Amino acid sequence: MYNSVLTYLFLCLTLFELLEIVSTIDSPADESTKFGYGKPHHLIEEIHGFADAKQFLQNYVFTLTPLKMTKAVTSSRAYSLWGDDYLDSMTQHSPDNDKITVETIKKENRREEVLEMDFSKFLKIYNGTEYYMVNSVPSFLRKDVTFPCSIQCEDLIRNDLVEDVMWFSSGGTKSVVHTDSVDNIICVYRGEKTFIMIDPSLYKDQVDMDHPEGAYSGVDVDNVDYTVYPGLAEIEYYHVNLSAGDCLFIPYKWIHQVRSYNSNIAVNIWWNHHSSLNLDLTSCTSECDPDLTLEEVQFHGFGDLIGSLAAVRDQIEGFLGIRKKTDYTRFFQLILGGELQFLDSAEIKDMNSTLFEMFDLLDRDKNGIVNMEELKMATDEDWKKVQHTLQEIDNLLDGVEGEVEELDGGEELDDDINDFFTNTRDEL
Ligand SMILES: [Ca+2]
């Protein structure tokens, strides 16, 4: 699950500035309140086709440098074949008509209703609705998607793949401003997408991710309120436009916001940044294999991400936010995030004792606040304990989620959680 508890990894590396200053303002007046517009912005480096795998890893992935690769997937079957008639015919030949997850509002707010439906049904109705497919590529289409040449390294393919996602709508989608705890290559097969990106090594502290539980900002991307988000007025942005056939590398933890235009399909691949840093570069192909497709590779999901202590440390640092500190109540809510709605009060109590022990371990001066200085003092031994706790919590949540078939009443549950903290505060 990519919205699980494991999405808060921060790494600060200095970026090698290859990037060209374009202009200060080139947007029409009515666009100037959009996120990333009306402010200084740059273009990112761009090459034609996929970068060679070994060079891509060394020069872009390891250094957290974004890269646009134009016309990189024009020879992929998905690029030439994926019209609606073809997609529909494939659902008829498929023995299992895959259920997909569909967001119901094009302007993402992370609280919108999410539906499950047959891919064939989505195809029939997406043009007349706000529906937005956000799901891994259905089984019967995976052979059409060439695995990106720039990450065709046996070691990475075997060990580091996290998840693939197909993003499909009639256009006009707007994501929230967010970060991902993984490296990402996204390729557009239909329509256009624009990405507004921010370099976290320069501006992480100016972008208020006031929803650290989901690693996103609550800023209205159509109408930025600079009095609420003053940091956004002081920074520089990157603008990237992708057309069908183009791909973009979005480095680990780069802040970004995405819009789509016209009938729109993109597929992205997420992989584990921390483990790819140690990968065997001799396992990368110098010659791309166009026949290597998504059908032939395995994704391990987000659960493996906290395998490294560096990732665990990044995750907890992410929870502190730009205020660089947190109290226990907030910490508890961030770790359990949206999962709280799945829990009954006995389960919340269990999680609470496990999490409080972890919080207390990090709160060295026992003043009820964990701050950045305390995290810096934590030892590897401490981080191993934190890692163990996070794994334990994740296992517990997996078990709980399995039991849940339907859920509703999120607001009532919020009240339950508030009651829980009111009633147990003395015990804490
Ligand atoms: Ca403290």
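From a predicted model like this one, the values you see are computed outputs, not experimental measurements.

Turning next to the pairing of strand 4 (residues 67-70). Judged from the 3 bridges that link them, strand 3 (residues 46-48) and strand 4 form a sheet pairing that is parallel. Counterpart to E46 in the pairing with strand 4 is K68. Between strand 3 and its parallel partner strand 4, the chain crosses via helix 1 (residues 53-61), and the hand of that crossover is right-handed. Sheet analysis places strand 4 next to strand 13 (residues 247-250), joined by 3 bridges and oriented antiparallel. The residue of strand 13 that forms the bridge with K68 is L248.

The subject of this paragraph is the environment of P251. Mapped onto the elements of the fold, P251 is located in the loop between strand 13 and strand 14 (255-271). In sequence terms P251 and F62 are 189 residues apart; their C-alpha atoms lie 9.0 Å from each other. The contacts of P251, once residues within four sequence positions are left out, are L64, T65, P66 and D183.

Let us look at the nonpolar core. Judged by nonpolar contacts, the single largest core of 103 residues is most densely connected at C187, Y189, M197, C247, L248, A266 and W271. The element that contributes the greatest number of residues to this core is strand 10 (residues 183-198), accounting for 9 residues. Taken domain by domain, the makeup of this core includes at least three residues from each of domain 1 (21-304) and domain 2 (324-424). When near neighbours in sequence (up to four residues on either side) are disregarded, M197 contacts P66, Y237, Y238, V240, W254, I255 and H256.

For the pair helix 9 (residues 328-336) and helix 10 (residues 345-362), interaxial distance at closest approach is 10 Å and the crossing angle is 120 degrees. Crossing geometry of helix 9 relative to helix 10 is assigned as right-handed. In this structure, helix 9 contributes Y328, F331, F332, I335 and L336 to the contact, and helix 10 contributes M351, N352, L355, F356 and F359. When its residues are assigned to classes, the contact of helix 9 with helix 10 shows 9 nonpolar, 1 polar and no charged.

Right, let's get into the confidence of the model for the protein. Summarising the model, the protein shows a mean pLDDT of 86, and 85% of its residues fall at 70 or more. This stretch, residues 424-428, has a pLDDT under 50; its non-local contacts, to residues over four places away or in other chains, come to 2 contacts.

Residues in a regular strand point their side chains to alternate faces of the sheet. Relative to strand 12 (residues 237-243), strand 2 (residues 41-42) is paired through 2 bridges, and the arrangement is parallel. If you follow H42 over to strand 12, its bridge partner there is Y238. Bridge analysis of strand 10 against strand 12 gives 6 bridges, and the strand direction is antiparallel. For E192, the partnering residue across the bridge sits in strand 12 and is S243.

Calculation rules
- Residues numbered from 1 in each chain as written.
- Predicted model: local features only at pLDDT ≥ 70, side-chain atom pairs only at ≥ 80, totals over all residues.
- Pairing = 2+ DSSP bridges.
- Helix = DSSP H or I, 4+ residues; strand = E, 2+ residues; numbered from the N terminus.
- Right-handed = clockwise from strand over helix to strand, strands pointing away.
- Contact = placed C-beta atoms within 7 Å.
- Core = buried A, V, L, I, M, F, W, Y, C linked by C-beta atoms within 7 Å.
- Buried ≥ 20, exposed ≤ 12 C-beta atoms within 10 Å, placed from the backbone.
- Domains from an automatic or database assignment.
- Axes fitted to C-alpha atoms, helices over the stretch in contact; angles between N-to-C directions.
- Left-handed = near helix turned anticlockwise from the far one by under 90°.
- Nonpolar A, V, L, I, M, F, W, Y, C, P; charged D, E, K, R; others polar.
- pLDDT = per-residue confidence, 0-100.

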